[in-house]
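Inside the fold
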Amino acid sequence: MRIPLPMKLIPMLMLVVTSGPVSASGFQLLEQNASGIGTAYAGSAVIGDNASTVFFNPAAMTRLQAREISAGMTGVKPTFRFHDQGSQVGALSGQGNGGDAGDWAALPNFYTTFAVNRDIYLGLGISAPFGLKTEYDRHWLGAAQSSRFEVKTININPSLAYRVNDHLSLGFGLNWQKLEAKYDRQVSIAPGFSQVKSALEIDDGAWGWNIGAMWTLSPSTRIGLSYRSRVEYRATGHAKLTSDGSASGQTAANLLIASGGQSRVRADIDMPDSLTLSVAQKLSERWEMFGDLSCTAWSSIPKVDIIRTSGPLNGRIAQTLDTDFRDAWRIAWGASYQYNPAWKIKFGMAYDQTPVKRASTRMVSLPDNDRVWFSLGTQWTPDKNSRLDFGLAYLYVRDDKIDNDQRHASPVSNRGRVSGDYNGHIWLIGG
């Protein structure tokens, strides 16, 4: 949505923008605006028709009006269902497939841009570039590996664009990013002691940057290139143990706490950098086509070591998440049709590669696989100063195998072996 509102309203709008936990390929979020849903975010680094280009490519701010505000909300409904094929639950007595690990989430965004003069633009964006939430039935058969996993981020992105000439614009942005992560699982030291929950919480703030360029090759052809840097977190927090109040659960919790199971923790996490190449080609007065090719360097997270920083086990690893991620590619194609001066119709498709390499490294907290986007959208322009975008997308997630064996992950805890299939899909709706 593009609306040139008075600048005094910006602080009020900023107060309502928060990050939302949303499942995406890996846990990167493309849903930084509603206008891109209709084209499956093809042309993301070159379209530049509203202030959300602050995130996708700050160079494209030079295509905007003197003052703009863009705000929107995307609703996301992921579905991930597990089907057991011979899992071994170890010391825990969990049962069942865990239900649907996904649920509805809302992802708001807010951007504003301001033209200092014809060639220099300033911008500010507030959004959530990464997010994830999976939550199973509490005592499902894989609860020793994860019952809930949640990642939230919020990104504040001041930006600058400079029009070098009529053919080239450059952009630069700083990013202050806040990370919060929560990880719950059931723990035990022997059969019968199965009602103890381990709850881990960590958070940190870190800086990153982004740059972009946009070339106008002709009145009908534009190319955009955008890069977002890695963000290096040195997160700290705590790991706590609680029981369900039963005698066996309380006994197990006390034994684990006495052995150093409860402490302060830290974890180093390098969120990946990404590179996007986009093209926009106007075919006629009514038709325009868009394309995207992007790579996200998920190999920056080969594993996550959670290290104790207090208690009798200070300095020792409490748990390792063996992600073993690979770099992932995404390709998207989209088009728009100008039906009349007020209405534009959009559609698109995309192939989104998962960073998960194989069944043995697929985690129940991130049951991700390759996905295909099918998108539709509309844009309504009631006058020259306002636009309203609506988008709907269905993401088909390819069925995937999991065979994650953590029976010997800890000398005091058998986390079992989760073996089976996942099937899932995701709905997006935004405006």
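Please read these numbers as outputs of a predicted model, since none were measured by experiment.

1. Digging into the side chain of Ser300
In this structure, Ser300 sits in the loop between strand E12 (287-296) and strand E13 (304-308). On the accessibility criterion, Ser300 (11% relative accessible area) is buried. Those residues in contact with Ser300 that lie beyond four places of it in its chain are Arg230, Asp270, Met271 and Pro272.

2. Concerning the environment of Arg398
Here Arg398 shows up in strand E18 (residues 386-405). C-alpha of Arg398 to C-alpha of Tyr422: the two residues are 24 residues apart in sequence and 8.7 Å apart in space. If near-sequence neighbours (up to four positions away) are discounted, Arg398 is found in contact with Asn369 and Asp370.

3. Digging into empty space enclosed by the protein
All chains considered together, the criterion is met by 3 cavities of 30 Å³ or more. When its volume is computed, the largest cavity comes out at roughly 530 Å³. For the largest cavity, the lining is made up of 40 residues, of which Gln28, Leu30, Phe55, Ser274 and Thr296 are closest to its centre. Counting residues per element, the ones that place at least two in the lining of the largest cavity are helix H2 (53-56), strand E6 (168-187), strand E7 (196-218), strand E8 (221-228), strand E11 (274-282), E12, strand E15 (328-338) and strand E17 (371-383). Split by residue class, the lining of the largest cavity holds 19 nonpolar, 15 polar and 6 charged. Of the pockets and cavities examined, the second largest cavity occupies roughly 260 Å³.

4. With respect to the confidence of the model for the chain
Detail in the predicted coordinates should be disregarded across regions flagged by low pLDDT. On average, the chain scores 88 in pLDDT, and the residues at 70 or more come to 86%. Low confidence marks residues 1-24, where pLDDT is under 50. Its contacts with residues over four positions away, or in another chain, come to 72 contacts.

5. Notes on the packing of aromatic side chains
Across all of its chains, the model carries 17 aromatic pairs by this definition. Geometrically, the ring pair formed by Phe27 and Trp298 is edge-to-face, given 4.9 Å between the ring centres and 65 degrees between the ring planes. Note that Phe27 is positioned in the loop between helix H1 (10-14) and H2 and Trp298 in the loop between E12 and E13, a separation of 271 residues in sequence. A single burial state applies to Phe27 and to Trp298, both of which are buried. Measuring from centroid to centroid gives 5.7 Å for Trp298 and Phe325, while their planes differ by 80 degrees, and the two rings are edge-to-face. One end of the pair, Trp298, is in the loop between E12 and E13; the other, Phe325, is in the loop between strand E14 (317-321) and E15, with 27 residues separating them in the sequence. For the pair Trp298 and Phe325, a shared accessibility class is recorded, and that class is buried. The structure contains a cluster of three or more aromatic residues connected by ring pairs, namely Phe27, Phe130, Trp298 and Phe325. Across from the ring centre of Phe55, 4.0 Å away, lies the NZ or CZ of Arg228, which sits over that ring.

6. What to know about the nonpolar core
Ranked by size, the top nonpolar core spans 42 residues in total, and within it Phe82, Trp140, Val364, Trp373, Tyr422 and Leu428 carry the most contacts. For this core, the secondary structure elements donating two or more residues are H2, strand E1 (67-84), strand E2 (105-115), E18 and strand E19 (417-430). By size, the runner-up hydrophobic cluster in this structure holds 29 residues, among which are Ala181, Tyr233, Ile306 and Met363.

7. Concerning the environment of Asn157
Assignment of secondary structure puts Asn157 in strand E5 (residues 148-163). Here the alpha-carbon distance between Asn157 and Asn210, two residues 53 residues apart in the chain, equals 8.9 Å. Aside from chain neighbours lying at most four places away, what touches Asn157 is Val54, Phe55, Gly123, Leu124, Gly125, Gly173, Leu174, Asn175, Asn210 and Arg228. A distance of 3.4 Å separates the side chain of Asn157 from the side chain of Ser159, its partner in a polar contact.

8. Observations regarding the pairing of E12
Buried residues dominate E12, accounting for 7 of its 10 residues. In the sheet, E11 pairs with E12 via 9 bridges, with the strands oriented antiparallel. The residue of E12 that forms the bridge with Val279 is Gly291. In textbook terms, the turn of a hairpin is the stretch between consecutive antiparallel strands, and for E11 and E12 this stretch comprises 4 residues. One ladder, built from 10 bridges, connects E12 with E15; its direction is antiparallel. Residue pairing in the sheet places Trp287 in a bridge with Tyr337 of E15.

9. Some words on the pattern of salt bridges
Pairing between side chains becomes possible if they bear opposite charge and their charged atoms approach one another. Under the defined criterion, the tally for this structure stands at 27 salt bridges. Between Glu135 and Lys133 there is a salt bridge, with its nearest N and O atoms 3.6 Å apart. Between Asp270 and Arg234 there is a salt bridge whose closest N-O contact spans 3.2 Å. Of this pair, Asp270 sits in strand E10 (residues 263-271) while Arg234 sits in strand E9 (residues 231-243); the two residues are 36 residues apart in sequence, bridging distant segments of the chain. Classification of Asp270 by relative accessible area gives buried; the value is 16%. Judged by its relative accessible area of 41%, Arg234 falls in the partly exposed class. Salt bridges here are not isolated pairs; linked through shared partners, they connect Arg230, Glu232, Arg234, Arg266, Asp268 and Asp270.

10. A closer look at the layout of surface pockets
Here the second largest pocket defines a volume of roughly 320 Å³. Around the second largest pocket, the lining is made up of 22 residues, and of these Ile47, Asp49, Arg63, Glu288 and Lys344 lie nearest the centre. Among the elements of the structure, E12, E15 and strand E16 (343-352) are those that each provide at least two residues to the lining of the second largest pocket. Per element, the largest residue contribution to the lining of the second largest pocket is 3 residues, and it comes from E12. Residue classes in the lining of the second largest pocket are distributed as 5 nonpolar, 6 polar and 11 charged.

Rules of the game
Residues numbered from 1 in each chain as written. Predicted model: local features only at pLDDT ≥ 70, side-chain atom pairs only at ≥ 80, totals over all residues. Heavy atoms only, no water. Helix = DSSP H or I, 4+ residues; strand = E, 2+ residues; numbered from the N terminus. Buried < 20%, exposed > 50% of the residue type's maximum accessible area, 1.4 Å probe, protein only. Contact = heavy atoms within 4.5 Å. 1 Å grid on protein atoms, 1.4 Å probe; cavity = no way out; pocket = protein on both sides within 12 Å on 5 of 7 lines; lining within 4 Å. Points joined across faces, edges and corners; volume = space filled by probe spheres on them. Nonpolar A, V, L, I, M, F, W, Y, C, P; charged D, E, K, R; others polar. pLDDT = per-residue confidence, 0-100. Phe/Tyr/Trp six-rings, centres within 6.5 Å; stacked < 30°, edge-to-face > 60°. Lys NZ or Arg CZ within 6 Å of the ring centre and 35° of its normal. Core = buried A, V, L, I, M, F, W, Y, C linked by side-chain atoms within 4.5 Å. Polar contact = N/O pair within 3.5 Å; in protein donor to acceptor, adjacent residues only side chain to side chain. Pairing = 2+ DSSP bridges. Salt bridge = Lys/Arg side-chain N within 4 Å of Asp/Glu carboxyl O.

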